[in-house]
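Report on the structure
Spelled out from the first residue to the last, the chains are:
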Amino acid sequence: MIVILQPDIDKNGAEYREIVDFLSAKSDITMRFHEEIGTQQTLTEVYLVGNTASLDRDEIESFPGVDRVVRVSREYRVIGRHRDDTRTVGFEYNGVYFGQENLQIFAGLCAVDTPQHVEEMMRALRDHGQVCTRMGAYKPRTSPYAFQGHGKDCLPYVFELAGKYGIKVIAMEITHEDHIDQINEALEQTGRPTGVLLQIGTRNTQNFELLKNVGRQREFPVLLKRGFGITLEESLNAAEYLASEGNRKIIFGLRGMKTNMGDPHRNFVDFAHVPVIKRLTRMPVCIDPSHSVGSRDRAPDGLLDVHHVTAQGVIAGANMILVDFHPNPATALVDGPQALTLEELPFFLEDVQIARTAYEQRRERAQAAGMETAAR
Ligand code: PEP
Ligand code: MN
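This write-up is about the structure you can find in this document. Since the model is a prediction, treat every value here as computed from it, not as a measurement.

As for the overall build of the chain
The number of helices and strands found in the chain is 12 helices and 14 strands. Its C-alpha radius of gyration of 22 Å places the chain within 12% of the 21 Å reference for a compact globule of 376 residues. Taking the principal axes of its C-alpha atoms as reference, the chain extends roughly 65 × 50 × 35 Å. Taken over 376 residues, the chain has a buried fraction of 53%. In the chain, 70% of the contacts between residues at least 6 apart in sequence involve partners at least 24 apart. For the chain, the accessible surface area stands at approximately 16,900 Å², while carbon and sulfur atoms represent 49% of it. Seen as two clouds, the 42 positive and the 52 negative side-chain charges of the chain have centres 3 Å apart.

The following block contains the structure:
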């Protein structure tokens, strides 16, 4: 059960004391407080764990300090979508909005290699009206002898160039909590010209200590990739780890599942789960067509498989696309074979727009037919 207190409630006031004293007196219930500090108001939520069946919802709602009460299903208390749950979905970070209704595109380098390539990539994004990108600095690689990413050494020039080209958010994978400090230091050193979306890769989806550390910080939002060899429920519980530690700014990323049933794609494309994640949780959903498909294979209609699966995810309502581009894929140090080129950027963006428009039309038709209310 979640007890949502009146916005901006005074913690020293009588109304706050009254409800907290009432709940504290219940011996079989424990309380966990969460504060969401927004631009307009601060919301305090009290998560009740234990024998909540014994609690009378109407009685709790009658306290003057209480705005409303939400009964939660056992799973995904924080990230879940519950009955009568009107808690907000989505968040803003560095001027960019992430929610379940809109779409953001993060085209960029799988791995940062040279400052020239970073600059060429960002210039192309700026020229096509893009304000987000992906830039890998810490790369988890299958072989210990493969290029592991430039790490903290590349951060200052990546951030400075982002500032120069108006990039507001960079998706960047971290594999250790020390990387958060390194990113923070480099941002500080360069005058905070951009923002960073911390990415937790598929190999770390169940690295619980990393999840707890990333969840405890509230500075950076998080893109959590689905684990490639675990159930959806296990991956959603990983997201709940982040949220239960305090960070609610989480985007859930689909990137394909590891099984030879997906051959010849690198991973079995799982974008049919876009609406499933939206139904089960309040997280925006990202699709990663590059790591799903893993090649530049082309269908007889002329479109790349990467284009096709991107459109499939977008027409199903995806909220973010993470996609590999490179100015010269032949020289890319990581995942060159799946990267699109800068010349292919305008075609890709237009193709996405076609699929997005189709999704919006489908949503409007569902609303007009009254199907949306049936889903609540
Ligand atoms: C990536 O996005 O660069 C990446 C390594 O993705 P994943 O963790 O999904 O393999
Ligand atoms: Mn990659």
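Still to come is the rest of the account.
Side note on the environment of P289
You can see P289 is positioned in helix α9 (residues 289-293). Contacts of P289, omitting those with residues within four sequence positions, involve F271, G294, V306, V309, T310, I321, L322 and V323.

Remarks on the packing of helix α4 (residues 155-164) against helix α5 (residues 178-189)
Two numbers describe how α4 lies on α5: the axes approach to 9 Å, and their chain directions differ by 50°. By the angle between their directions, the pair α4 and α5 is classed as oblique. Here α4 runs over α5; the crossing is right-handed. Across the interface between the two elements, L155, P156 and F159 from α4 touch Q182, I183, A186, L187 and Q189 from α5.

Looking at the sheet that holds strand β13 (residues 285-287)
Two strands in a sheet stick together by hydrogen bonds in their backbones, pointing the same way (parallel) or opposite ways (antiparallel). Taken in spatial order, the 8 strands of this open sheet run β7-β14-β13-β12-β11-β10-β9-β8, and their pairing is parallel. Edge positions in the open sheet fall to β7 (104-108) and β8 (132-134), since each of these has one partner strand only. Going across the sheet, the axis of each strand differs from the next one's by a mean of 25°, ignoring polarity. Relative to β13, strand β12 (residues 250-254) runs parallel, the two being bridged by 3 bridges. When the bridges of β13 are listed, G253 appears paired with C286. Running over the sheet, α4 touches β9 (169-173) and β10 (195-200) and is turned about 155° from β9.

Some points on the site of ligand 1
The immediate surroundings of ligand 1 are formed by C110, R134, K139, E173, Q199, G201, T202, R203, K225, R255, D288 and H291. K139 places a side-chain nitrogen or oxygen 2.8 Å from an oxygen atom of ligand 1. Here ligand 1 loses 97% of its free accessible area of 290 Å² to cover by the protein chains. A per-class count over the shell around ligand 1 returns 1 nonpolar, 4 polar and 7 charged.

Things to note about the packing of helix α3 (residues 115-127) against α4
For any two helices packed against each other, the geometry is given by the interaxial angle and the distance between the axes. Following both chains from N to C, one finds α3 and α4 inclined at 25°, their axes separated by 10 Å at the closest point. For the element pair α3 / α4, the angle class is roughly parallel. Crossing hand, α3 versus α4: right-handed. Residues P115, V118, E119 and M122 of α3 lie in contact with α4, whose contacting residues are Y157, V158, L161, A162 and K164. By residue class, the composition of the contact of α3 with α4 is 7 nonpolar, no polar and 2 charged.

Some details on the coordination of the manganese ion (ligand 2)
For the manganese ion (ligand 2), the full set of protein donor atoms is C110 (SG), H291 (NE2) and D335 (OD), at a range of 1.9 to 2.3 Å. Binding-site remark: the manganese ion (ligand 2) is held by donors from one chain whose sequence spacing is C-x180-H-x43-D. Note that H291 is positioned in helix α9 and D335 in the loop between β14 (320-324) and α11 (345-368), a separation of 44 residues in sequence. By the burial criterion, H291 is buried, and D335 matches it.

Description of the side chain of H34
Positionally, H34 belongs in strand β2 (residues 29-37). According to the relative accessible area criterion, H34 is buried, its value standing at 6%. At a separation of 2.5 Å, a polar atom in the side chain of H34 contacts the side chain of E36. The residues touching H34, leaving out its near neighbours within four places in the chain, are L43, T44, E45, Y47, R218, G246 and R248.

A closer look at the pattern of salt bridges
Enumeration according to the criterion identifies 17 salt bridges in this entry. Ionic pairing is found between E188 and R192, a salt bridge with its closest N-O pair at 3.0 Å. Residue class for E188 comes out exposed when judged on its relative accessible area of 52%. E209 is the partner of K212 in a salt bridge, and the nearest nitrogen-oxygen pair spans 3.3 Å. Residue K212 and its partner E209 are both found in helix α6 (residues 208-216); the two are separated by 3 residues, about one turn of the helix. Note on K212: relative accessible area 21%, which makes it partly exposed. Accessibility expressed as a relative area gives 47% for E209, which makes it partly exposed. Through salt bridges with shared partners, a single network forms among E119, R123 and K164.

Conventions adopted
Residues numbered from 1 in each chain as written. Chains lettered and ligands numbered in written order. Predicted model: local features only at pLDDT ≥ 70, side-chain atom pairs only at ≥ 80, totals over all residues. Heavy atoms only, no water. Helix = DSSP H or I, 4+ residues; strand = E, 2+ residues; numbered from the N terminus. Rg over C-alpha atoms; globule rule 2.2 N^0.38 Å. Buried < 20%, exposed > 50% of the residue type's maximum accessible area, 1.4 Å probe, protein only. Contact = heavy atoms within 4.5 Å. Areas by Shrake-Rupley, 256 points an atom, 1.4 Å probe, with all protein chains shown as cover. Lys, Arg positive; Asp, Glu negative; His and termini not counted. Charge placed at Lys NZ, Arg CZ, Asp CG, Glu CD. Axes fitted to C-alpha atoms, helices over the stretch in contact; angles between N-to-C directions. Parallel < 35°, antiparallel > 145°, perpendicular 65-115°, else oblique. Left-handed = near helix turned anticlockwise from the far one by under 90°. Pairing = 2+ DSSP bridges. Near = heavy atom within 4 Å. Polar contact = N/O pair within 3.5 Å; in protein donor to acceptor, adjacent residues only side chain to side chain. Nonpolar A, V, L, I, M, F, W, Y, C, P; charged D, E, K, R; others polar. Donors = N, O, S within 2.8 Å, 3.2 Å for Na, K, Ca; no water. Salt bridge = Lys/Arg side-chain N within 4 Å of Asp/Glu carboxyl O.

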